[in-house]
Amino acid sequence: MASSSTFSSWTFNGSTLAPKSAKHCCFKQTIYSISSCASHDMIPPNEKGVDWGRGRLSLKSRVQCRALEVGIKSSYSVGNKFQLEDVIEAQQFDRDTLGAIFEVALEMEKIEKNSTGSQMLKGYLMATLFYEPSTRTRLSFESAMKRLGGEVLTTENAREFSSAAKGETLEDTIRTVEGYSDIIVMRHFESGAARRAAATASIPIINAGDGPGQHPTQALLDVYTIEREIGKLDGIKVGLVGDLAYGRTVRSLAYLLAKYEDVKIYFVSPEVVKMKDDIKDYLTSKGVEWEESADLMEVASKCDVVYQTRIQRERFGERIDLYEEARGKYIVDHGVLSVMQKHAVVMHPLPRLDEITVDVDLDPRAAYFRQAKNGLYIRMALLKLLLLGW
Amino acid sequence: MASSSTFSSWTFNGSTLAPKSAKHCCFKQTIYSISSCASHDMIPPNEKGVDWGRGRLSLKSRVQCRALEVGIKSSYSVGNKFQLEDVIEAQQFDRDTLGAIFEVALEMEKIEKNSTGSQMLKGYLMATLFYEPSTRTRLSFESAMKRLGGEVLTTENAREFSSAAKGETLEDTIRTVEGYSDIIVMRHFESGAARRAAATASIPIINAGDGPGQHPTQALLDVYTIEREIGKLDGIKVGLVGDLAYGRTVRSLAYLLAKYEDVKIYFVSPEVVKMKDDIKDYLTSKGVEWEESADLMEVASKCDVVYQTRIQRERFGERIDLYEEARGKYIVDHGVLSVMQKHAVVMHPLPRLDEITVDVDLDPRAAYFRQAKNGLYIRMALLKLLLLGW
Amino acid sequence: MASSSTFSSWTFNGSTLAPKSAKHCCFKQTIYSISSCASHDMIPPNEKGVDWGRGRLSLKSRVQCRALEVGIKSSYSVGNKFQLEDVIEAQQFDRDTLGAIFEVALEMEKIEKNSTGSQMLKGYLMATLFYEPSTRTRLSFESAMKRLGGEVLTTENAREFSSAAKGETLEDTIRTVEGYSDIIVMRHFESGAARRAAATASIPIINAGDGPGQHPTQALLDVYTIEREIGKLDGIKVGLVGDLAYGRTVRSLAYLLAKYEDVKIYFVSPEVVKMKDDIKDYLTSKGVEWEESADLMEVASKCDVVYQTRIQRERFGERIDLYEEARGKYIVDHGVLSVMQKHAVVMHPLPRLDEITVDVDLDPRAAYFRQAKNGLYIRMALLKLLLLGW
């Protein structure tokens, strides 16, 4: 499918979706091979017999492509192994898996609100390997691990592992860090880095953002928030507002919403940062209705969700004039609230500048801080699933 | 009281002591309001129905001004809620509260010396949100939390939350981090930042220093150390030496000592960094006897406590000559020790350069490392009180 | 012994091996003294009655020189105190102690592979005081502590303790941090810093590398890896390849191998970075056979261990031509593997650049990632021994 491969090539900057030639990886006693495959409902490039006691080094076997499709429905019952061994990109998740993960996230809300906390992950060690700092994301993951009784090894200067001076490869770093921990949460500045790490690691890898590439846990928490706030995902109307050209979150959200029925998406953005054709083509190919609009008020009055994003100045280089014009154009304020339906909500991936005025915070429909909190539940759920299974 | 409001305006750089207009803060189900008030025995700007199970988001109600004064004596018994919901400034603590906190700190000494440690705060998560690094203070708080069985989320690069590039407000950052933790220990470069955080947060905030503003836990550990070393606070003679103009600690200490009876304070400092009038006026208004002296030996021979401080070079800008003159003027060395009474002690907030010579360390009256250790007990006590109550 | 004192003077840059004049150290109630002594099978400069409940401040008494030699064999039984109070340098360890530590490390492998983990060090707090970042080493120590149920206080910006601006001494910093923790793992940029810290601290210090000085845990894990991979240490043939002039690890390894019988060492390095005479003289004085060779293939065919190291560019300053010539000269690749014996292994301290080609990773004889993992077990063992004893 041209449209979707276009979409894919956006996702991976064409880097790693092409079928990989078999890699060979070997240890004192055994030699075996891995390979992976490309698909929209992708599974990670390598399957690992994860040792549930601890994420020890273990055999890797050839991937069954589209395994997620095959007999997955029956496999969400407690005690079963999680279908995924790594969380690398939004494309890994089909509708059924999302639904099952959201049920676990809901359990996590109960656990987190329980004063005694949980010791579910006691004895497990998570390494946060951040090649660029992202305090918000790091704290969210570390809180998730600790709320479940797990421990954390943390670094925000992982570049020193592989500094130009020393020049260690990401693969070598992963082979070292996997010896110290049971799961690795990695943030990297290069698109595709998480996939490379997963191809090397014998323990689960969670992608906490790799450059312009993917930030799958953000995508999941956005969809989870819509379900929690609106009560459904089929038949919803969503307005995506602001930077639709470069905003990683709105692009992933549009992609995931295509998995649900009768979804209508409105794009509201300044001309210079309008949604790109790859996503539009993808939505069309999936039969998702979408339209572009310049009238935020009219869109807001129709939508269940107004998803606002920050216009990123860094995208405009010297053209500060264009930036200033773009950022001022669509502000969510009391006026917008006044036309929104009672049950509708305003979402934002945060941090926000003035694209949502502070007085909006006071309205019950301002969901963005609850959305941030949902990131904790989604991450708790993924840590539980990757380390313990269903 | 002119004098004291002068003092206050020093404390907050006039920023936040004036009564605040009511703020509105709202969540999906409820809308309610907060306001705060100014007073010398201040309580935090907002009251929170802290959820002792976990510092969850909860209703805020209108503050009773001077609540600390009202029927507080009866309320120190075990199981009662702590009177304070945040630790923002030295002014929050009246004499009775200080005494009660010191008793808890003494229990903490016993707990910390007990090899098995304590699990008192098991399941609680403290976030150290440091906008400027202060390794000493951070490690002291993190040790305190862990000695009580609690867990820690740590960041020393919190500026990245709200970097100029992204421009998130402190308030937005707090609303996010409070979702990940049960209590926030915050260090900030701006005076008044801790108060702003407390006005936003639904969980307890401890001020670990906000710029030239307050560092209340340092003030408490200083008073606690005097009581532990001298055995009393009424009727003591204290010599404050060194940088009295800019030294945050000596200013807070002078303020707190005014709460006790028959205290005599001596100011010994180079002319360029002498104690400012706001404190002198405040002491006078509280009936505290004080005098300035240029004779360290004579003062040392009379005092129970010689509190030495570092002359901060950064205060002198280009005038290195003035700095060199100032820093050499009053050194605590063996000569000073030789005139001090047997029961007297030398204190210093640390780090020290050469304002106390190294040979003084060998004398039992050198209390400054014990003073640093007392910071651990005071912080353990405050964490226990804010999260569990008396 | 000239040769060995030459060796010593290399080890300590002549800084601290000469007998120290008695130091005086004093606290409120007591005054007592410490001194230390120099010897090849050195013990730390100070003995401390470590409080096993918690590493509290305790009396220091005069050191018995060569105590390790005296009746040590009988003292490895469970429950006995560890002979060492600090881990500062490779010279502290004699053959018997190494053997006993390796047995504990082997137990640690079992503990780490056990899913439930261990709570052996529950209630203990380790401070990682890093004056220069070394993420790999820090994570290894922190993982070791957490795998045993202990807690960690971490800092990678310890320079801020003693920044030029503030100018605190290392000794003052140690006196503060020892109040917050039970054991300190220190990385420093100055040779001899760990020894200074140990002379001050009342709790155990582990040297995680002090500048060009020592990195004893690396030395131990190298020897441990040889025993684990080859099954013996007596009668082995070891080829040391690459940067032998500046490589801290190969120098320590050569020193430790001299403790075993019938060891043969081959030095294979570019002329500009050949092994220095101090080590050669030392080996000769200990009756260890060694020779230099320019033929890696021939050496590789004879050796049980080929220990490759990275040529450090920073050593060559402007002479990039010399660097380029040196780094390319001896590469371990498939050709070298093809002449190596089946039971032999390739080791490397990591990080590696291209001095070992990536295809070598696939061979079972590539031991360097297992070697890195062994660092975890050695550090677990040392933490257990220093805090709990045998």
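Residues numbered from 1 in each chain as written. Chains lettered and ligands numbered in written order. Predicted model: local features only at pLDDT ≥ 70, side-chain atom pairs only at ≥ 80, totals over all residues. Heavy atoms only, no water.

### As for the pairing of strand 7 (residues 183-188) of chain A
Residues and elements named next belong to chain A. How we decide: Per-residue accessibility, obtained with a 1.4 Å probe over protein chains only, is compared with the maximum for each type, and a residue is labelled buried under 20%, exposed over 50%, and partly exposed between these values. Put simply, DSSP marks the helices as runs of H or I at least four residues long and the strands as runs of E at least two long, and each gets a number from the N terminus on. Any two strands are treated as partners once DSSP identifies two or more bridges connecting them.
Of all six residues making up strand 7, six are buried, and the element is well covered by its neighbours. Residues Ile-183, Val-185 and Arg-187 of strand 7 are buried on one face, and the alternating residues Ile-184, Met-186 and His-188, pointing to the opposite face, are buried as well. Here strand 5 (residues 125-130) runs beside strand 7; their pairing, made up of five bridges, is parallel. When the sheet's bridge partners are listed, Thr-128 is paired in strand 7 with Val-185. Where strand 7 lies against strand 8 (residues 205-210), four bridges are found, and the strand directions are parallel. Within strand 8, the position partnered with Met-186 by the bridge is Asn-207.

### A word on the UniProt feature "domain: Aspartate/ornithine carbamoyltransferase Asp/Orn-binding" (unreviewed entry) in chain A
In plain terms, the rule: UniProt positions are given in the numbering used here, feature names are shortened, and annotations may be inferred rather than shown by experiment.
Taken from the UniProt record, the annotation "domain: Aspartate/ornithine carbamoyltransferase Asp/Orn-binding" (unreviewed entry) applies to residues 234-385 of chain A. Here residues 234-385 of chain A runs as 39% helix and 14% strand, with 25 Å between its end C-alpha atoms.

### Overview of the relation of the copies chain C and chain B
Stated precisely, the cut-off is as follows: Only residues with pLDDT of at least 70 in both copies contribute their C-alpha atoms to the least-squares superposition of the copies. The contact rule is simple, with two residues in contact once any of their heavy atoms fall within 4.5 Å.
Relative to chain B, chain C is turned by 120° and slid 0.1 Å along the rotation axis, the superposed coordinates differing by an RMSD of 0.0 Å. Read as a symmetry element, the transformation amounts to a three-fold axis. The share of interface residues of chain C whose copies in chain B are also at the interface is only 3%, consistent with the copies meeting through different surfaces.

### Observations regarding the packing of aromatic side chains
Residue and element names in this part refer to chain C. Worth spelling out the cut-off: The pairing test for Phe, Tyr and Trp rings, Trp by its six-membered ring, is centres within 6.5 Å, and the orientation test on the planes gives stacked under 30 degrees, edge-to-face over 60, and tilted for anything in between.
For the coordinates displayed, the defined rule picks out 24 aromatic pairs over all chains. Their ring planes at 65° and their centres at 6.4 Å tell us that Tyr-131 and Phe-189 sit as a pair that is edge-to-face. With a gap of 58 residues between them, Tyr-131 in the loop between strand 5 (125-130) and helix 3 (135-147) and Phe-189 in the loop between strand 7 (183-188) and helix 5 (193-200) connect regions that are remote in the sequence. On the basis of relative accessibility, which here comes to 2%, the residue Tyr-131 falls in the buried class. For Phe-189, a relative accessible area of 30% translates into the label partly exposed.

### Points about the interface of chain C and chain B
Stated formally: Buried area is a sum: the accessible area each of two parts loses on coming together, probed at 1.4 Å, counted once for each and added. Salt bridges are defined as contacts in which a side-chain nitrogen from Lys or Arg sits within 4 Å of a carboxyl oxygen from Asp or Glu. What qualifies as a polar contact is a pair of N or O atoms within 3.5 Å, subject to a donor-acceptor requirement within protein and to the restriction that residues adjacent in sequence count only when both atoms come from side chains. Residue type decides the class: Asp, Glu, Lys and Arg count as charged, Ala, Val, Leu, Ile, Met, Phe, Trp, Tyr, Cys and Pro as nonpolar, and the leftover types, Gly among them, as polar.
Contact residues are listed per partner, giving 30 residues for chain C and 34 residues for chain B. Summed over both sides, the interface of chain C with chain B buries roughly 2,900 Å², with 51% coming from carbon and sulfur. Seen at the junction of chain C and chain B, the total is five salt bridges. Here B:Arg147 and C:Asp182 are joined by a salt bridge, their closest N and O atoms 2.9 Å apart. The interface formed by chain C and chain B contains nine residue pairs in polar contact (both at pLDDT 80 or more). Of all elements in the fold, only strand 1 (23-26), strand 6 (151-155) and helix 4 (170-177) of chain C reach the threshold of two or more residues within the side of chain C that touches chain B. Broken down by element, the residue count for the side of chain C that touches chain B peaks at five residues, all from strand 6 of chain C. Of the residues contributing to the side of chain C that touches chain B, the split by class is nine nonpolar, 10 polar and 11 charged.

### Description of the pattern of salt bridges
Applying the stated criterion across every chain yields a total of 84 salt bridges over all chains. Residue A:Glu298 pairs with A:Lys302 through a salt bridge whose shortest N-O separation is 2.8 Å. Of this pair, A:Glu298 and A:Lys302 both sit in helix 9 (residues 296-302), four residues apart, roughly one helical turn. Exposure remark for A:Lys302: the relative accessible area of 30% places this residue in the partly exposed category. The salt bridge involving C:Asp361 is made with C:Arg352; its shortest N-O contact spans 2.5 Å. Grouping residues by exposure puts C:Asp361 and C:Arg352 together as buried. The network of salt bridges with common partners includes A:Asp172, A:Arg175, C:Arg352 and C:Asp361.

### What about the interface of chain C and chain A?
Listed by partner, the interface residues are 34 residues for chain C and 31 residues for chain A. Carbon and sulfur atoms supply 51% of the area that chain C and chain A bury against each other, a total of about 2,900 Å² over both sides. For the interface between chain C and chain A, the tally reads five salt bridges. For the interface between chain C and chain A, the tally reads 10 residue pairs in polar contact (both at pLDDT 80 or more).

### Topic: helix 12 (residues 368-388) of chain A
Residues and elements named next belong to chain A. Cut-off, in case you're wondering: Take the residue count of a helix, subtract one, and multiply by 1.5 Å to get its expected span.
Between its first and last C-alpha, helix 12 extends 30 Å over 21 residues, near the 30 Å set by a 1.5 Å rise per residue. Of all 21 residues in helix 12, 19 are buried; the element is thus mostly enclosed. Residue Gly-389 follows helix 12 closely and has a positive phi angle near 85°.

### A few points about the sheet that holds strand 7 of chain C
All names here are of chain C. Just so we agree on the cut-off: Note on geometry: axes are C-alpha line fits, over the in-contact stretch for helices, and angles between N-to-C directions span 0 to 180 degrees.
Taken together, the four strands give an open sheet; going across it, the order is 6-5-7-8, and neighbouring strands pair in parallel fashion. Each having just a single partner strand, strand 6 and strand 8 (205-210) make up the two edges of the open sheet. For this sheet the average axis-to-axis angle between neighbouring strands, irrespective of direction, equals 15°.

### A closer look at the packing of helix 2 (residues 95-113) of chain B against helix 6 (residues 216-230) of chain B
Residues and elements named next belong to chain B. For clarity, the threshold we go by: Relative orientations are named as follows: roughly parallel for angles under 35 degrees, roughly antiparallel for angles over 145 degrees, roughly perpendicular for angles from 65 to 115 degrees, and oblique for any other angle.
At a minimum axis separation of 11 Å, helix 2 and helix 6 run at an interaxial angle of 75°. In terms of their interaxial angle, helix 2 and helix 6 are classed as roughly perpendicular. Of the residues in helix 6, those in contact with Leu-98, Ile-101, Phe-102, Ala-105, Leu-106 and Glu-109 of helix 2 are Leu-220, Val-223, Tyr-224, Glu-227 and Arg-228. Of the residues belonging to the contact of helix 2 with helix 6, the class tally is eight nonpolar, no polar and three charged.

### Some words on the sheet that holds strand 7 (residues 183-188) of chain B
Residues and elements named next belong to chain B. The strand order 6-5-7-8 describes an open sheet built from four strands, whose pairing is parallel. Taken across any chain shown, the strands that pair with only one partner, and hence form the sheet edges, are strand 6 (151-155) and strand 8 (205-210). Averaged over all pairs of adjacent strands, the angle between their axes in this sheet comes to 15°, without regard to strand direction. Against the sheet, helix 3 (residues 135-147) touches strand 5 (125-130), strand 6, strand 7 and strand 8, its axis set at about 175° to strand 5. Helix 12 (residues 368-388) rests against strand 5, strand 7 and strand 8 of the sheet, and its axis sits at about 130° to strand 7.

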